[in-house]
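Fold and geometry: a report
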Amino acid sequence: MQLFYAPNTISMSVAIALQEAGLGHELTCVDFTKAEQSSETYLAKNPKGRVPTLIVGDKALTETGALLEYIAALVPEKKLAPTDPSQAFKMRSVMFYLASTMHVNHAHKMRGSRWADSQTSYDDMTSKVPQTMAVSASYIEEECLEGQFVLGENFCIADIYLFNVCTWLAGDGVEVKNYPKLIAHMTAMEDRASVKKIRELGILT
C-alpha cells in the first residue's frame, strides 16, 4: 500500500487508521504549496486532485470514509468497526455528518472557489466559518459522543475521523474550551500510539 497525503488534511485519518490496523504501507507527501495535487502525475492517480489516495496493487482508492471502512475490513480482529447493526449505524452516521457537513464548513475558509467566483463571496464564506464550525462542534458534543468515544468506551474508525476534523477547530476560530466532551475525546486520541506516530512523522503538526 502507498498512501498519498498532505499534512494536517483529512488524509491523516487514513494514516492513523493504517497505524491502528498495523498494515504495512509507504507514505508519499503531496505538497499543496507547490500545487502537486493538480499535477498530471497526481491527477493520473486521483482525477479529483485531492487527498487521500491509497494505492493498493494497481488500484487507486479514494474518499476518506470509504478508506477507513476498507482498512477496518482488512483487519476484523482489530475491531475498528462494529459488527452490531445499530452500532455500525451510529458509527456511519457520525462519519457521514463529518464528511457532508463539518468538513464542508471548514473548507469554506480556504476553498471558496469550489462554490463561487468573486472575492466578496470568498470573504463572506470565510467569515462564516467560526459560526458553522461551532454549530457542528455543538452537535458533536450533544449528539455524537456517548462517552470517551463515539461508541462509548469502544474505539472505532469514526473516532479517527472525528479527531482529524476537530484538529481544525481552533484554527477555524472555535473556542474549543466550550466543549468538554470533545476535549476529553481529543485527549484520549492524543494518547493513542497511532496519533503519536503520525505526529512523529509530521503528518499532524
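Reference entry: report on the structure contained in this document. Since this is a predicted model, take the numbers as computed values, not measurements. (Residues numbered from 1 in each chain as written. Predicted model: local features only at pLDDT ≥ 70, side-chain atom pairs only at ≥ 80, totals over all residues. Heavy atoms only, no water.)

**Digging into the overall build of the chain**
The secondary structure content of the chain amounts to 8 helices and 4 strands. In the chain, the succession of helices and strands from N to C terminus is β-α-β-α-β-β-α-α-α-α-α-α. Over its C-alpha atoms the chain spans a radius of gyration of 17 Å, differing by no more than 12% from the 17 Å that the globule rule assigns to 205 residues. Along the three orthogonal principal directions, the C-alpha set of the chain runs to about 50 × 45 × 30 Å. Sequence-distant contacts in the chain: of pairs separated by 6 or more residues, those separated by 24 or more amount to 65%. Put simply, the chain shows about 10,100 Å² of open surface, and 52% of that area lies on carbon and sulfur atoms. Treating the 19 positive side-chain charges of the chain as one cloud and the 24 negative ones as another, the clouds have centres 2 Å apart. (Helix = DSSP H or I, 4+ residues; strand = E, 2+ residues; numbered from the N terminus. Rg over C-alpha atoms; globule rule 2.2 N^0.38 Å. Contact = heavy atoms within 4.5 Å. Areas by Shrake-Rupley, 256 points an atom, 1.4 Å probe, with all protein chains shown as cover. Lys, Arg positive; Asp, Glu negative; His and termini not counted. Charge placed at Lys NZ, Arg CZ, Asp CG, Glu CD.)

**Overview of the sheet that holds strand E4 (residues 59–62)**
The 4 strands lie next to each other as E2-E1-E3-E4, forming an open sheet whose pairing is mixed. The strands lining the two open edges of the sheet, one partner per strand, are strand E2 (26–29) and E4. For this sheet, the mean angle separating the axes of adjacent strands, direction not counted, is 25°. The sheet contact formed by strand E3 (residues 53–56) and E4 spans 4 bridges and is antiparallel. (Pairing = 2+ DSSP bridges. Axes fitted to C-alpha atoms, helices over the stretch in contact; angles between N-to-C directions.)

**Details of the nonpolar core**
Within soluble globular proteins, side chains that are nonpolar generally end up buried alongside one another. By size, the foremost hydrophobic cluster in this structure holds 54 residues, and its most contacted members are Leu98, Met102, Ile140, Ile157, Leu162, Leu169 and Leu182. For this core, the secondary structure elements donating two or more residues are strand E1 (2–5), helix H1 (12–21), helix H3 (64–74), helix H4 (85–107), helix H5 (119–144), helix H6 (157–166), helix H7 (180–190) and helix H8 (193–200). For this core, the element with the most residues is H6, which contributes 8 residues. Beyond its immediate chain neighbours, meaning those up to four positions away, Leu182 contacts Ala137, Ile140, Glu141, Leu145, Leu162, Cys166 and Leu169. (Core = buried A, V, L, I, M, F, W, Y, C linked by side-chain atoms within 4.5 Å. Buried < 20%, exposed > 50% of the residue type's maximum accessible area, 1.4 Å probe, protein only.)

Read these as geometric descriptors, not functional statements.
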